Amino acid sequence: GGIITQTPKFLIGQEGQKLTLKCQQNFNHDTMYWYRQDSGKGLRLIYYSITENDLQKGDLSEGYDASREKKSSFSLTVTSAQKNEMAVFLCASSWGGAEQFFGPGTRLTVL
Amino acid sequence: GQQVQQSPASLVLQEGENAELQCNFSSTATRLQWFYQHPGGRLVSLFYNPSGTKHTGRLTSTTVTNERRSSLHISSSQTTDSGTYFCAIDLNTGNYKYVFGAGTRLKVIA
């Protein structure tokens, strides 16, 4: 089996700050995803990447950038942190868009 | 309207009762997955089930693709089944973009 790791586990930033979240997977999956989950809500797709160097926007991409540095890693940048985007950010990976496996999440707090 | 609708939004069961969770979607789904999330926890994949019926332990997932619905049946519920259940669907053929339902919050009491 494989594993997905996300760093950091908790991220605290100031309003307006640029913040970066990282995700690594060792499944050798081609597709990776970033989702945002607000408290008590479902998941919304921010960005996804079908293969290395590919980048696709989800429904919530405004205010975020992403980078697929290599097949095993996918980073998400909050370009200017806002108080209303405090949430848990979840990374996932899959092979060919099939069954997704999730990481433990990064909890973002904006002061 | 919503592309993926889950029902009920919440459910309370006595331990030992059965539950049926529903997921309805607005267009043809090529990929469908059920997840479980414990409060504050990671999403755990229960089933990848774009069509047909799958079983694991006390859980059964049935997807009827041409009727645009899927169900998750939990038999003989236990307090450890408490949490939120999500279905997620890839609504466009060849597109790896998943849409999640809002979830069903299940509480099982002893």
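What you see is a predicted model; the values in this text were computed from it and never measured.

Reading the values: rules and limits
Sequence order as written defines the numbering, with residues in each chain counted from 1. The naming scheme follows written order: chains are lettered A onward, ligands numbered 1 onward. Local features in this predicted model are restricted to residues whose pLDDT is 70 or higher, and side-chain atom pairs enter the listing and the counts only when it is 80 or higher, whereas totals over whole chains, interfaces and linings include all residues. No hydrogens and no water enter the side-chain calculation; it runs on all heavy atoms of the structure. Secondary structure elements follow DSSP: runs of H or I no shorter than four residues count as helices, runs of E no shorter than two count as strands, and numbering proceeds from the N terminus. Between buried and exposed lies partly exposed: a residue is buried under 20% and exposed over 50% of the maximum accessible area for its type, with that area taken using a 1.4 Å probe on protein chains only. Should any heavy atoms of two residues lie within 4.5 Å, those residues are counted as being in contact. Definitions used throughout: a 1 Å grid over protein atoms alone; a cavity as a set of points that fits a 1.4 Å probe which cannot get out; a pocket as an open set with protein on both sides within 12 Å along at least five of seven lines; a lining residue as one with an atom within 4 Å of a point. Grid points are joined across faces, edges and corners, and a volume is the space filled by probe spheres set on the points. Gly is put with the polar residues, along with every residue not named as nonpolar or charged; the nonpolar set is Ala, Val, Leu, Ile, Met, Phe, Trp, Tyr, Cys and Pro, and the charged set is Asp, Glu, Lys and Arg. Each Phe, Tyr or Trp ring, with Trp reduced to its six-membered ring, pairs with another whose centre is within 6.5 Å; inter-plane angles below 30 degrees give stacked pairs, above 60 give edge-to-face pairs, and intermediate values give tilted ones. Between any two strands, pairing holds if DSSP finds at least two bridges. A fitted line through C-alpha atoms serves as each axis, taken over the contacting stretch for helices, and the angle formed by two N-to-C directions is quoted from 0 to 180°. Joining two parts hides part of their accessible area as seen by a 1.4 Å probe, and the buried area is that hidden amount summed over both. By salt bridge we mean one thing: a side-chain nitrogen of Lys or Arg within 4 Å of a carboxyl oxygen of Asp or Glu.

Peer 1: Account for unusual backbone geometry, with residues named and values stated.
Peer 2: For the bond running from Thr7(A) to Pro8(A), omega is -10°, close enough to zero to count as cis. Its location among the elements puts Pro8(A) in the loop between strand 1 (4-7) and strand 2 (10-13). In this chain, Ser7(B) is followed by Pro8(B) through a cis amide linkage whose omega measures -10°. Structurally, Pro8(B) can be placed in the loop between strand 1 (4-7) and strand 2 (10-14). Positive phi, close to 75°, is recorded for Asn53(A), a residue that is not glycine. As for its position among the elements, Asn53(A) is in the loop between strand 5 (43-49) and strand 6 (56-57). By relative accessible area, Asn53(A) is classed as exposed at 67%.

Peer 1: I'd like a rundown of the environment of Val4(B), residues and numbers included.
Peer 2: Residues and elements named next belong to chain B. Topologically, Val4 is positioned in strand 1. Residues Val4 and Phe25, spaced 21 residues apart in sequence, show a C-alpha to C-alpha distance of 4.5 Å. Among all residues touching Val4, those that are not within four sequence positions of it are Cys23, Asn24, Phe25, Cys87, Ile89, Val99, Phe100 and Gly101.

Peer 1: A description of the environment of Leu11(B) should follow, citing residues and the corresponding values.
Peer 2: Residue and element names in this part refer to chain B. Among the structural elements, Leu11 can be located in strand 2. Separated by 94 residues in the primary sequence, Leu11 and Arg105 place their C-alpha atoms 6.2 Å from one another. Once residues lying within four places of it in the same chain are set aside, the contact partners of Leu11 are Ala19, Leu21, Arg105, Leu106 and Lys107.

Peer 1: So what's going on with the layout of surface pockets? Which residues, and what values?
Peer 2: For the largest pocket, the calculated volume is near 520 Å³. Lining the largest pocket are 25 residues, with Gln37(A), Val88(A), Arg107(A), Gln37(B) and Gly40(B) sitting closest to its centre. Counting only elements with at least two residues in the lining of the largest pocket, the list comes to strand 9 (87-94) and strand 11 (106-110) of chain A together with strand 9 (83-90) of chain B. Among the residues forming the lining of the largest pocket, the class breakdown is 9 nonpolar, 11 polar and 5 charged. Reported here for the second largest pocket is a volume of approximately 340 Å³. Considering the residues around the second largest pocket, the lining is formed by 17 residues, among which Leu43(A), Arg44(A), Phe100(B), Gly101(B) and Ala102(B) are closest to the centre. Taken together, the elements giving at least two residues each to the lining of the second largest pocket come down to strand 5 of chain A together with strand 10 (98-100) of chain B.

Peer 1: An account of the packing of aromatic side chains is needed here, citing residue identities and associated values.
Peer 2: Remark: the centre distance and the inter-plane angle together describe each pair of aromatic rings, the angle taken between the planes. What the rule picks out here adds up to 12 aromatic pairs over all chains. Ring geometry for Tyr35(A) and Phe102(A): centres 5.6 Å apart, planes at 35°, overall tilted. Separated by 67 residues along the polypeptide, Tyr35(A) in strand 4 (residues 31-37) and Phe102(A) in strand 10 (residues 101-102) bring together distant segments of the chain. On the numbers, 6.4 Å between centres and 70° between planes, the contact of Phe86(B) with Phe100(B) is edge-to-face. Of this pair, Phe86(B) sits in strand 9 while Phe100(B) sits in strand 10, and the two are 14 residues apart along the sequence. Overall, the relative accessible area of 9% leaves Phe100(B) in the buried class. Among the aromatic side chains, those forming a connected cluster through ring pairs are Tyr33(A), Tyr35(A), Tyr48(A), Phe102(A), Phe35(B), Phe86(B), Tyr98(B) and Phe100(B).

Peer 1: So what's going on with the sheet that holds strand 7 (residues 64-70) of chain A? Residues and values would help.
Peer 2: Residues and elements named next belong to chain A. Strand order in this open sheet of 4 strands is 1-3-8-7, and the pairing throughout is antiparallel. Only two strands of the sheet have a single partner each, and these edge strands are strand 1 and strand 7. Within the sheet, the average angular offset between the axes of one strand and its neighbour, ignoring direction, is 15°.

Peer 1: Provide a residue-level description of the interface of chain A and chain B, including the pertinent values.
Peer 2: Taken together, the contact pairs 23 residues of chain A with 17 residues of chain B. For the pairing of chain A and chain B, the buried interface totals around 1,700 Å² over both sides, and the portion due to carbon and sulfur atoms is 53%. Along the contact surface separating chain A from chain B lie 1 salt bridge. The salt bridge involving Asp59(A) is made with Lys97(B); its shortest N-O contact spans 3.0 Å. Secondary structure elements with two or more residues in the side of chain A that touches chain B: strand 4 and strand 5 of chain A. Examining the composition of the side of chain A that touches chain B, we find that 4 residues originate from one element, strand 4 of chain A, more than from any other. Split by residue class, the side of chain A that touches chain B holds 11 nonpolar, 9 polar and 3 charged.

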